[in-house]
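Residue strings, one per chain:
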Amino acid sequence: MEVPEVSWSARPVAEPPADPVTFDEAAEKASNAASWVEQNWSTWLSVGLRILLIIVIATVLRSVIRRTITKLIAHMNNSAQAVEGTALGGLLVNAERRRQRSEAIGSVLRSVASFLILGTAALMVLGALNINLAPLLASAGVAGVALGFGARNLVTDFLSGVFMILEDQYGVGDTIDAGVASGEVIEVGLRVTKLRGDNGEIWYVRNGEVKRIGNLSQGWATAGVDVQVRPSEDLANIRAVLSEVADDMAKAEPWNERLWGPIEVLGLDSVLLDSMIVRLSAKTMPGKALGVERELRWRVKEAFDKAGIRIVGGPVPVVEADPADPSAGVAAPSAMSNPLSPQALASNPIPPAGAAPGSGPAAPAPNPNLSKP
């Protein structure tokens, strides 16, 4: 077995050391660096001071604007709480609704102010550093367009929520019909609105999906009651009874506060062969129409019972009929019931020919009454 020979001539050879830097060369380089710094330090100082000034101004301006918005929102909440203690506070002002609406508006305003101030400051800093902003702005525009296409539903919901809050279309405590769902508003957000339905369920409705909104809690509501009576009743008596019921209800607690106008007897709404409908109507507080209608029906029914006015659909009095004739159930006499009658004798079978006397059916006994002349 041969052992390979090792070539010692392949070992690395150390490079010769570089020429040492002389004192004159080092002094020359230091002098050049000092002169370069001396020439540019004013530019650096001015740029640094400019950047520092931009940052300080942006920070102070952002802080002042945010505090101003916060104080404005707090003032709105305090005014809502002050009005809430008055007689019309529970009707015209909903403190929770005002608080959530003001907080949402304040959040949007603070975010917009921070974005504008900090974004402008960042662009000014980049401009102070002599950075070309054209490619950056072009890239930001392309990214914004791509983000807008990808998150268009989110942007739609957000913008719809902002305009809904700014326009005060509805708020916490309102009963609304949003098309896709209806119920009482329990929370208002920039993207989603929460509703509680009639059966207690909670609906999450995206603000961008709402095409039309029916607010049942703004302004006033209308309570309408139809009273159906028999066409033979006296109309003057009906009007007098209904007017008395309306006056009594308008003076009673708490209906005197829930009614925003007198209960009007509008007259006959329809006249049919077996009934006629009298309609009553009244303006009420928002959201109190159903309660007023129920109480009005209760009072009308009690008043009609006292006045003897019958409502169609009520109990019908039982009228006692004359006793039946006992002879009506007795059948008329028949000639076939007497076996000796000519009809009964004619119905007997005929005996066969050649039959021995007595073999056939027994002949009936002669009727002595028929043998008499």
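Structure first, text after, so check above.
The paragraphs below set out a description of the structure included in this document. (Residues numbered from 1 in each chain as written. Predicted model: local features only at pLDDT ≥ 70, side-chain atom pairs only at ≥ 80, totals over all residues. Heavy atoms only, no water.)

### Points about the overall build of the protein chain
The test is simple: Strands are runs of DSSP state E lasting at least 2 residues, helices are runs of H or I lasting at least 4, and numbering of each runs from the N terminus. The classification of residues rests on relative accessible area computed with a 1.4 Å probe and restricted to protein chains. Under 20% of the type maximum is buried, over 50% is exposed, and intermediate values are partly exposed. Contacts between residues were defined by any pair of non-hydrogen atoms, one from each residue, lying within 4.5 Å.
Of the regular secondary structure elements, the protein chain holds ten helices and eight strands. Burial analysis of the protein chain (373 residues in total) assigns 25% to the buried set. Here the contacts in the protein chain between residues at least 6 apart in sequence split such that 63% fall between residues at least 24 apart.

### Digging into the environment of glycine 48
Its location among the elements puts glycine 48 in helix 1 (residues 23-84). Sequence separation of glycine 48 and valine 125 is 77 residues, and the distance between their C-alpha atoms is 9.6 Å.

### Remarks on the sheet that holds strand 3 (residues 192-196)
Rules: Criterion used throughout: strands pair if DSSP finds at least two bridges between them.
Strand order in the open sheet made by the five strands is 4-3-2-1-5, with antiparallel pairing throughout. The strands lining the two open edges of the sheet, one partner per strand, are strand 4 (202-206) and strand 5 (214-215). The sheet contact formed by strand 1 (residues 175-177) and strand 2 (residues 182-188) spans three bridges and is antiparallel. Each bridged residue has a counterpart across the sheet, and for aspartate 177 the counterpart in strand 2 is serine 182.

### Thoughts on helix 5 (residues 152-167)
The test is simple: By this rule the span expected of a helix is its residue count minus one, scaled by 1.5 Å. The arc refers to the directions leading from the helix axis to the C-beta atoms.
The end-to-end C-alpha distance of helix 5, which contains 16 residues, comes to 22 Å, matching closely the 22 Å that a straight helix rising 1.5 Å per residue would cover. For helix 5, the set of buried residues is Asp157, Gly161, Val162, Met164 and Ile165. One side of helix 5 holds all its buried residues, which, seen down the axis, span an arc of 165°. The exposed set on the far side of helix 5, more than 90 degrees from its buried face, consists of Arg152 and Glu167. Positive phi appears at aspartate 168, one or two residues downstream of helix 5, with a value of about 55°.

### Thoughts on the pattern of salt bridges
One side chain can pair with another of opposite charge once the charged atoms of both are near each other. Condition: Any Lys or Arg side-chain nitrogen located within 4 Å of an Asp or Glu carboxyl oxygen qualifies as a salt bridge.
Taken as a whole and judged by the stated rule, the model has eight salt bridges. For aspartate 177, the salt bridge goes to arginine 212, with nearest N and O atoms at 3.4 Å. Here the residue aspartate 177 occupies a position in strand 1, and arginine 212 occupies one in the loop between strand 4 and strand 5, the gap between them amounting to 35 residues. By relative accessible area, which is 29% here, aspartate 177 ends up partly exposed. Among the residues examined, arginine 212 registers a relative accessible area of 47% and is labelled partly exposed. For glutamate 295, the salt bridge identified is with arginine 299, shortest N-O distance 2.9 Å. Remark: arginine 299 and glutamate 295 occur in helix 8 (residues 289-307); sequence separation between them is four residues, near one turn of the helix. Taken together, the shared-partner salt bridges in this structure form one network comprising Asp157, Arg206 and Glu209.

### Topic: the packing of aromatic side chains
Think of a pair of aromatic rings as described by two things: how far the centres are apart, and how the planes are tilted against each other in angle. So the rule is basically this: Pairs were defined over the aromatic rings of Phe, Tyr and Trp, the Trp ring being its six-membered one, requiring ring centres within 6.5 Å. Orientation was assigned from the angle between planes: stacked under 30 degrees, edge-to-face over 60, tilted for the rest. A ring is considered to have a charge above it if a Lys NZ or an Arg CZ atom is located within 6 Å of its centre and within 35 degrees of its normal.
What the rule picks out here adds up to zero aromatic pairs. Positioned above the aromatic ring of tryptophan 220, the side-chain terminus of lysine 283 is 4.3 Å from the ring centre.

### Structural notes on a nonpolar patch on the surface
Here is the rule we go by: Excluding any residue in a salt bridge, patches collect residues exceeding 30% relative accessible area, merging like charges within 9 Å and nonpolar Val, Leu, Ile, Met, Phe, Trp and Tyr side chains within 5 Å. Where accessible areas are quoted, they stem from the Shrake-Rupley method and a 1.4 Å probe; at the residue level, only the protein chains shown are allowed to cover.
A surface patch of nonpolar side chains, about 520 Å² in accessible area, is lined by Leu45, Leu49, Leu52, Val56, Val60 and Val64. Summarising the element assignment, leucine 49 is placed in helix 1.

### Points about the pairing of strand 7 (residues 264-271)
The pairing of strand 7 with strand 8 (residues 276-284) spans six bridges and is classified as antiparallel. Bridge assignment links glutamate 264 to a residue of strand 8, and that residue is serine 281. Here strand 7 hands over to strand 8 after four residues, the two strands then running antiparallel side by side.

### Considering the nonpolar core
Cut-off, in case you're wondering: For this analysis, a nonpolar core means a set of buried residues of the types Ala, Val, Leu, Ile, Met, Phe, Trp, Tyr and Cys, connected via side-chain atoms within 4.5 Å.
Core analysis: the largest hydrophobic core is formed by 27 residues, its most contacted members being Ile238, Leu242, Ile263, Leu296 and Phe304. Those residues in contact with leucine 296 that sit more than four places away from it in its chain are Val225, Val245, Met249, Ile263 and Leu280. Membership of the second largest hydrophobic core comes to 14 residues, among which are Met164, Ile176, Ala178 and Leu195.

### Considerations on the environment of asparagine 153
When you line up the elements, asparagine 153 lands in helix 5. Expressed as a C-alpha distance, the spacing of asparagine 153 and glutamate 209, which sit 56 residues apart in the sequence, is 9.3 Å.

### Overview of the sheet that holds strand 8
We apply this condition: Between N-to-C directions, angles span 0 to 180 degrees; the directions come from axes that are lines fitted to C-alpha atoms, helices contributing only their stretch in contact.
Taken together, the three strands give an open sheet; going across it, the order is 6-8-7, and neighbouring strands pair in antiparallel fashion. Strand pairing shows two members of the sheet lacking a second neighbour, strand 6 (221-229) and strand 7, which therefore form its edges. Sheet twist, expressed as the mean angle between neighbouring strand axes with direction ignored, is 25°. Strand contacts of helix 8: strand 6 and strand 8, with the helix running at about 25° to strand 6, the strand carrying the most contacts.

### Here's the deal with unusual backbone geometry
Here the bond from glutamate 253 into proline 254 is cis, since omega is -5°, no more than 30 degrees from zero. Positionally, proline 254 belongs in the loop between helix 6 (235-251) and helix 7 (255-258).

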